[in-house]
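Geometric and topological summary
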Amino acid sequence: MVWQPTSDYPKRYGWKTPITAPGPNGGDMIRHMRAIQNDPLPYLEKVWREHGDVVQFPIPWPVYIVSSPSGARDVLVNFNRDMGKRTLQYTTLSLVTGFGLLTADTAEWKPRRRAMQPAFHKELIALTQSRVDEELATLHAQWMELTSEGPAIIDIDQAMMELALRITGAALFGINLEDDAREITEATLVALHGVIARAQNPLPFPLAVPTPANVRMNKAVKRLDRAVQSILDMREKNMLPEGAPIRDMLDVLLDLDEPLTAQQLRDEIVTFIVAGHETVASALTWSWQLLGEQPLLREQAGSDRTFAGQVFDETLRLYPPAWVITRRALNDVEIEGHLIPAGAMVIVSPWLVHRHPDAWQTPLDFMPSRFDAGVPQLGYIPFGAGPRLCIGREMARMEGPSIIYELSSKWNIEPVVSGDVAIDASVTLRPKHGLPMRVSRRA
Ligand code: HEM
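Anyway, here's the lowdown on the structure attached to this text. (Residues numbered from 1 in each chain as written. Predicted model: local features only at pLDDT ≥ 70, side-chain atom pairs only at ≥ 80, totals over all residues.)

The helix and strand inventory of the protein chain stands at 16 helices and 14 strands. Along the first, second and third principal axes, the C-alpha atoms of the protein chain reach 70 × 50 × 45 Å. Taking all 443 residues of the protein chain together, the buried fraction comes to 42%. (Helix = DSSP H or I, 4+ residues; strand = E, 2+ residues; numbered from the N terminus. Buried ≥ 20, exposed ≤ 12 C-beta atoms within 10 Å, placed from the backbone.)

A few words now on the site of the ligand. Inspection of the region around the ligand gives 24 residues, with Gly276, Thr279, Gly384, Cys390 and Gly392 positioned closest. Of all the secondary structure elements, the ones that give two or more residues to the shell around the ligand are helix 6 (106–116), helix 12 (262–292) and helix 16 (393–410). (Near = placed C-beta within 6 Å.)

Here the focus is the nonpolar core. Core analysis: the biggest nonpolar cluster contains 108 residues, and Tyr64 and Val346 have the highest contact counts within it. For this core, the element with the highest residue contribution is helix 12, accounting for 13 residues. The residues contacting Val346, other than those within four sequence positions of it, are Tyr64, Val66, Val75, Met83, Thr326, Arg327, Ala329 and Ile340. (Core = buried A, V, L, I, M, F, W, Y, C linked by C-beta atoms within 7 Å. Contact = placed C-beta atoms within 7 Å.)

Below, the discussion takes up the sheet that holds strand 14 (residues 436–441). Within the open sheet, the 3 strands sit side by side as 6-14-11. Their pairing is antiparallel. Two strands lie at the open edges of the sheet, namely strand 6 (152–155) and strand 11 (411–415), each paired on one side alone. Taking each pair of neighbouring strands and ignoring which way they run, the sheet shows an average axis angle of 35°. Where strand 6 lies against strand 14, 4 bridges are found, and the strand directions are antiparallel. In the strand pairing of strand 14, Ala152 is matched with Val439. (Pairing = 2+ DSSP bridges. Axes fitted to C-alpha atoms, helices over the stretch in contact; angles between N-to-C directions.)

Another point: unusual backbone geometry. With phi around 50°, Glu336 is a residue other than glycine that occupies positive phi space. Position of Glu336 relative to the elements: it lies in the loop between strand 8 (333–335) and strand 9 (338–340). Assessed through the 16 C-beta atoms surrounding it within 10 Å, Glu336 is described here as partly exposed. We note that Thr362 has phi near 35°; this positive angle belongs to a residue other than glycine. Note that Thr362 resides in the loop between helix 15 (350–353) and helix 16.

As a further point, take the sheet that holds strand 5 (residues 83–84). The strand order 3-4-10-7-5 describes an open sheet built from 5 strands, whose pairing is mixed. Both outer strands of the open sheet, strand 3 (54–56) and strand 5, are each paired with one neighbouring strand and no more. Relative to strand 10 (residues 345–348), strand 4 (residues 63–66) is paired through 4 bridges, and the arrangement is parallel. Following the sheet pairing, Val63 is matched in strand 10 by Met345.

Purely spatial values, then, with no claim about function.
Printed below as a string of structure tokens:
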């Protein structure tokens, strides 16, 4: 039986949007508009609590959020052929990344994914491992200096962003981005911030109109472009000799059977910088926050590699960096007894799916041992699912746990203030005001 609206609902939203799932009424949504923009996670939770697993928003075009583990699987896996990526989220992101692997729609995406997949297999993961070790050694030396006279307070969020960026740069492009790290981080953040601000603004000016926000964003994109160009220039002087084993992702991009155009190359490089560092950094930051509250678990994370991996997995459950995944329905589909019409925008929020009682007991508790039996098939989608599953998943699941293990074994990383940390839910989930932590050497 397909769900039908009760008499509490209008006949349709706007002129022609049929109502096929319960949801908040228009007044309620307008009342919460500020909260939706400033602090969207509690609003998503409220909508799920009040209206259930498939919710339609009261606006004159069809927008749904699907939150049950099985519904999320329908959207991302079972109906993947009926779902495209031409959504506001990805179109806006493409202002920074262009149409690289993350934002490309199915037709352009398929051959590119096939061509790049091998690069993310074993060799590159092994290559990344040595880069992680090198960058950790650098961080270790920095912290030794910083703590020469006793414990130091650092913003662990900033430290993890810089560490993850250096590793991404080294693993994907074989170069040491250290000198440019701050420059690229800042340019990426400003550009992505601009993207989010645009997505939240119902009437953004075209980018060519020099509003202060547009000027800032255009400048940031230019800075990113310059950084990418300098990577390419360096590589031109240092091409891979015939028959030599690949050194990094850039070797692969430059050696595809069907060569990429300059624009495509730029788009993939920016995509990897954007997709590969803030996600990992965000997960690491929240790992320190969660471990900070539990000294015994912190101890274990520094002595047991498997457990460090479980800490990472469990952090990705509670604080999924990619907290919304969006799709555009290309055909009518039925999900959990609700018709989702062609053209609808469908949102899946890992934040909600990872807290769903169908898949998780005491979902709000931080319990790395949940993953003793491995990663569950249903209800756990920090890297998405189906054909568009994150291509960097294995790399991230090697990188994150190594960093947690190595840093926990050498350092005490303790909270400075206790209690909840306000979340900035933007491109990823980050602490709103940074995350100061006390770092001291372990005996
Ligand atoms: C903890 C770290 C990470 C998280 C949580 C994460 C999350 C995700 C998610 C949820 C998707 C799917 C989006 C969708 O279905 O619309 C995705 C796709 C993608 N990720 Fe990641 N990611 C992480 C690390 C990385 C790394 C390290 C890289 C690259 C070095 C990367 C590159 C990509 C790319 C290129 C895609 C698009 C794949 C495709 O559509 O073929 N990610 N990621």
